[in-house]
Number of protein chains: 2
Amino acid sequence: MLGSIANSLVELGEDNTTTMVPLVNNVGTTCLTITEPEVGKEAVEARDASIEDVLVKYVEHLKERTQHHLGYPYNLDFDYGSVIAKLSGFSINNLGDPFIESNYGVHSRQFEVAVLDWFAHLWEINKQDYWGYVTSCGTEGNLHGILVGREVFPDGILYASKETHYSVFKAARMYRMECVKVETLVSGEISWEDLQAKLLINRNKPAIVNVNIGTTVKGAVDDLDKVIQILERNGFKDRFYIHCDSALFGLMMPFFNQAPKITFKKPIGSVSVSGHKFIGCPMPCGVVITRSIYEKKLSDFNQVEYLASVDSTIMGSRNGLAPVLLWHGLNRKGYKGLRKAAQKCLRNAIYLKERLRESGISALLNPLSSTVVFERPIDPAFVQQWQLACEGNIAHVVVMPNITIAKIDGFMEELLEMRETWFRGGKIVKPCVAADIGRENCLCEQHKI
Amino acid sequence: MLGSIANSLVELGEDNTTTMVPLVNNVGTTCLTITEPEVGKEAVEARDASIEDVLVKYVEHLKERTQHHLGYPYNLDFDYGSVIAKLSGFSINNLGDPFIESNYGVHSRQFEVAVLDWFAHLWEINKQDYWGYVTSCGTEGNLHGILVGREVFPDGILYASKETHYSVFKAARMYRMECVKVETLVSGEISWEDLQAKLLINRNKPAIVNVNIGTTVKGAVDDLDKVIQILERNGFKDRFYIHCDSALFGLMMPFFNQAPKITFKKPIGSVSVSGHKFIGCPMPCGVVITRSIYEKKLSDFNQVEYLASVDSTIMGSRNGLAPVLLWHGLNRKGYKGLRKAAQKCLRNAIYLKERLRESGISALLNPLSSTVVFERPIDPAFVQQWQLACEGNIAHVVVMPNITIAKIDGFMEELLEMRETWFRGGKIVKPCVAADIGRENCLCEQHKI
């Protein structure tokens, strides 16, 4: 498909050929070209027709890829078409602080603050006590939260479990922070024992702890209450800062009664969540909320007269369309709609896990999670076809609102059919994944009951 | 207008009132609300009608604000409506490295690499020698370039003129880098003398220098060749890294023959440019290009199996729509179209400067720049009406392709009319701005010839 997109651009090419870009690892990926437009009405029409042709084929390609997507935590089912059509002609930019109107008038702060207020209410912090903004992605939320932590405790050590999202370790490196990796349980949850042991070695320095509300690969939830307890019992009272990375589950967990609660009534410093994951959005975005007392530490240094605002965000210019879409999505769905969607995801995740197990495929589904982890299909083409995220021996499907029973059935059918062919109709060799997802979930010859 | 938007949401409010958010400085700004949707067909219809009403009014507001915008370097004249309409239903995300296809299939890498190739060609670096990506804004490009510089020279000192964009100083703070502010000339250009003096004090450490290709406020261009000469003559040969912040002018300068050339044939490390400025784009974006030998230093640490790509970018999830729009814009405009637009901006900037001067208003227009700096209008309402960017005694207009002669005339007419009223028909007091824009440009009583 990508090949055909490029080929359709042949007429645009300076030398009538497509361009093969020497990619570092993906030498085969074909990219498009940008060529100098020729002069004259006919040439312009031909060029516009070529561009149109590329886009039409690209849309077909996107449709197919969207249809076959299972692996990443993005809800691909949304419809903002009419909103976007209204706004696509404007350059909406919320540069600077969301609460301080800049001189640039084409912004959407009134929508952004509405979205922030909604999250502040969800996480139980008063309007006057919080600060936050709509970010360009989950990573920006983590970068911001951890930066606040570092500014509060400049010599603090960052603690994060080894199954933490890679952006947290990137933050440590960017910010030149000492960083300690903490072991995890088989579920993917942080090991309290190891956290405690590592805190005790570094008693002399404050602790900045990243708590995962849903790890990237296994969807495991670190127990926030237990982490706080360990910190307070081990001499870190008033000497710790907690950032909750709730990228995916931040919008699902509040709707499960039995889930540990994320709330600013507990001594946490910041929470981040993605906007394009559970809610769904045509562009990556997110939200970070922190306490206004902390934020003041950062913003005091960053008054920018040129903006007539404060440079308190990681990015400068900020996409103003995303807050309008989030405002639209949250207004239409409400808590009730989100609860319903979250519960459906959980039910469908259980359905997928059971279908895998009854087909003899090892699988793990953590409680309160819609991330189904299972043995990695051995055929890379199949992994790519269904866009599965993989790590070592395991792959996962994140059941989002757009992953229906019908889609799961289609996936299972193809998986089982293909699996036969991978072993050429002979005996299917089931790999041992006990170390990855626990003995009790492993169906290999040695562990199956 | 904002008030009326909020008022139109009254029916949505839990308590039938609009919400006034306690803003740090902008207590008066009214924001919208998100409320729990009621159940029932009629309630849903009423809510959808309210949302529609808010959006229709918001669009009117954006139109008016777009019409009256002069101060920030954004080209508000673009039309990607048909492209966006086709793509707004997809969650296009280029997470990870542009050159290494991730397992997530709904991406636009084939467009992104085409855009990068175009810029690599513009800045004269071979395909195999460069690395880069489409960023979420100009700041991200600066953050990336300076991070590469720091990784190349971990103990390097960052040098940046005091009129450098605030994101560069933010980078220094985030990255815990020693940072030396260099004095500027009245034009806004970096002072070579001061740069040399400060380099000599810190001879023992490598230099990471931010070179401005168009400063934020005065649109001044630092002389890249002179900076390189100073570094090499003062014992920094092979011990320096240069990042060029070309946020705005990166796409205009190449089209002026007499301009100093930005090229990787010179010993520079990275260049960043904004996509939403001169080209125009409904969402902030940009491009950063660096040498692949440097990038390898960063990416070796950041292989992420989960992505099947490399976490070599500052942000994780990356807006995949922006590269398609840039590809579309560049393909349609081409070098010829951009040259024509850049020359028009320069002509219109000269026209504005002359109109100001002949009206007795002090003004500065640097060579090769379309940023017209002039005495700050004393009425904050006027500044806000025209969305002028201000600093101290001066304001500026950045003449972008959407700033036509007619718009300039309208602005001048209103400025002159209002200026009379500010002095109640009496003698107009012309402030001295010699310190800001030079004696020769100042028309105050003392300096006018």
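Residues numbered from 1 in each chain as written. Chains lettered and ligands numbered in written order. Predicted model: local features only at pLDDT ≥ 70, side-chain atom pairs only at ≥ 80, totals over all residues. Heavy atoms only, no water.

This next bit is on the overall build of chain A. In terms of helices and strands, chain A carries 14 helices and 15 strands. Its C-alpha atoms give chain A a radius of gyration of 24 Å, near enough to 22 Å, the size a compact globule of 449 residues would have. Along the three orthogonal principal directions, the C-alpha set of chain A runs to about 70 × 70 × 45 Å. A burial count over chain A gives 66% of its 449 residues as buried. Contacts in chain A between residues at least 24 apart in sequence constitute 69% of all its contacts with a sequence separation of at least 6. Here chain A displays about 16,200 Å² of accessible surface, and carbon together with sulfur accounts for 52% of that area. (Helix = DSSP H or I, 4+ residues; strand = E, 2+ residues; numbered from the N terminus. Rg over C-alpha atoms; globule rule 2.2 N^0.38 Å. Buried < 20%, exposed > 50% of the residue type's maximum accessible area, 1.4 Å probe, protein only. Contact = heavy atoms within 4.5 Å. Areas by Shrake-Rupley, 256 points an atom, 1.4 Å probe, with all protein chains shown as cover.)

What follows covers the nonpolar core. F119, I242 and L388 of chain A together with F119, I242 and L388 of chain B are the most contacted members of the largest nonpolar core, which has 303 residues in total. Beyond its immediate sequence surroundings of up to four residues, I242 of chain B is in contact with V209, V211, L224, V227, I228, L231, P267, I268, G269 and S270 of chain B. (Core = buried A, V, L, I, M, F, W, Y, C linked by side-chain atoms within 4.5 Å.)

Structurally, P73 of chain A can be placed in the loop between α2 (41-67) and α3 (81-87). Linking P73 of chain A and E163 of chain A, residues 90 residues apart in sequence, is a C-alpha distance of 16 Å. Setting aside its immediate chain neighbours within four residues, P73 of chain A contacts L248, K277, V398 and M400 of chain A together with Y306 of chain B.

Residue and element names in this part refer to chain A. Mapped onto this structure's residue numbering, the UniProt feature "modified residue: N6-(pyridoxal phosphate)lysine" (unreviewed entry) falls at K277. Considering the arrangement of structural elements, one finds K277 in helix α9 (residues 276-280). Excluding residues within four positions of it along the chain, K277 makes contact with P73, Y74, N75, A247, L248 and M400. (UniProt positions renumbered as here; feature names shortened; annotations may be inferred.)

Let us look at the packing of aromatic side chains. Evaluation of the coordinates by the stated rule reveals 34 aromatic pairs over all chains. Here W118 of chain A and Y335 of chain A contribute two aromatic rings whose centre-to-centre distance is 4.9 Å and whose plane-to-plane angle is 20 degrees, an arrangement assigned as stacked. Taken as a pair, W118 of chain A in helix α4 (residues 109-122) and Y335 of chain A in helix α11 (residues 321-358) lie far apart in primary sequence, 217 residues in all. Using a relative accessible area of 5% as the deciding quantity, one classes W118 of chain A as buried. On the numbers, 4.9 Å between centres and 85 degrees between planes, the contact of F111 of chain B with W327 of chain B is edge-to-face. On the criterion of sequence distance, the pair formed by F111 of chain B in helix α4 (residues 109-122) and W327 of chain B in helix α11 (residues 321-358) is long-range, its members being 216 residues apart. (Phe/Tyr/Trp six-rings, centres within 6.5 Å; stacked < 30°, edge-to-face > 60°.)

Attention now goes to the confidence of the model for chain A. Residue and element names in this part refer to chain A. Looking at chain A, pLDDT values average 89 and 92% of them are 70 or higher. A low-confidence stretch, residues 1-28 stays under pLDDT 50, and its non-local contacts, those more than four residues away or across chains, total 56 contacts. Here the predicted complex carries an ipTM of 0.92, next to a pTM of 0.92. (pLDDT = per-residue confidence, 0-100.)

Moving on, we get to the pairing of strand β7 (residues 240-245) of chain A. Residue and element names in this part refer to chain A. Within β7, six of the six residues are buried, which leaves it mostly tucked inside the rest of the structure. Residues F240, I242 and C244 line one face of β7 and the alternating positions Y241, H243 and D245 line the opposite face, and both faces are buried. Pairing of strand β6 (residues 207-212) with β7 involves six bridges; the strand directions are parallel. In the sheet register, V211 faces β7, and the bridge partner there is C244. Pairing of β7 with strand β8 (residues 270-274), which is carried by three bridges, proceeds in the parallel orientation. Within β8, the residue paired with C244 across the bridge is V271. (Pairing = 2+ DSSP bridges.)

Take the relation of the copies chain A and chain B next. With an RMSD of 0.0 Å, the fit of chain A onto chain B corresponds to turning through 180 degrees and sliding 0.0 Å along the axis. What the rotation and shift describe, once combined, is the action of a two-fold rotation axis. Across chain A, the smallest distance between a C-alpha and the rotation axis is recorded for Y175 of chain A, namely 2.4 Å. (Least-squares fit on C-alpha atoms with pLDDT ≥ 70 in both.)

This part takes up helix α5 (residues 138-152) of chain A. Spanning 15 residues, α5 of chain A covers 21 Å between terminal C-alpha atoms, matching the ideal 21 Å at 1.5 Å per step. With respect to burial, α5 of chain A is a largely interior element, 15 of its 15 residues being buried. (Expected span 1.5 Å × (residues − 1).)

All names here are of chain B. One open sheet accounts for seven strands, arranged β3-β9-β8-β7-β6-β4-β5; its pairing is mixed. With partners counted over all chains shown, the strands left at the sheet margins are β3 (130-135) and β5 (179-182), one partner each. With direction set aside, neighbouring strand axes in the sheet form an average angle of 15 degrees. Sheet topology note: the strand β4 (residues 157-161)/strand β6 (residues 207-212) ladder contains three bridges and is parallel. The residue bridging L158 from the neighbouring strand is I208, located in β6. Here helix α8 (residues 224-233) sits on the sheet and contacts β6 and β7 (240-245); the angle it forms with β7, its principal contact strand, is near 165 degrees. (Axes fitted to C-alpha atoms, helices over the stretch in contact; angles between N-to-C directions.)

Evaluation of the coordinates by the stated rule reveals 52 salt bridges over all chains. The salt bridge partner of E375 of chain B is R419 of chain B, with a shortest N-O separation of 3.4 Å. With E375 of chain B in strand β13 (residues 371-375) and R419 of chain B in helix α13 (residues 405-422), this residue pair connects regions lying 44 residues apart in the sequence. The same class applies to E375 of chain B and to R419 of chain B, which are both buried. Residues joined in a network through salt bridges with shared partners are R47 and D48 of chain A together with R332 of chain B. (Salt bridge = Lys/Arg side-chain N within 4 Å of Asp/Glu carboxyl O.)

With 129 residues of chain A in contact, the opposing surface of chain B contributes 130 residues. Carbon and sulfur atoms make up 60% of the surface buried where chain A meets chain B, a total of about 11,400 Å² over both sides. Looking only at chain A, the three residues that lose the most surface to chain B are I34, R176 and Y306 of chain A, adding up to 8% of its buried area. Remark: the boundary between chain A and chain B carries 10 salt bridges. Of the charged contacts in the structure, one is a salt bridge between E36 of chain A and K336 of chain B, with a shortest N-O distance of 4.0 Å. Our count for the contact surface shared by chain A and chain B stands at 45 residue pairs in polar contact (both at pLDDT 80 or more). Here the side of chain A that touches chain B gets 14 residues from one element, more than from any other, and that element is α2 of chain A. Taken together, the residues of the side of chain A that touches chain B sort by class into 67 nonpolar, 37 polar and 25 charged. (Buried area = accessible area lost by both parts, 1.4 Å probe. Polar contact = N/O pair within 3.5 Å; in protein donor to acceptor, adjacent residues only side chain to side chain. Nonpolar A, V, L, I, M, F, W, Y, C, P; charged D, E, K, R; others polar.)

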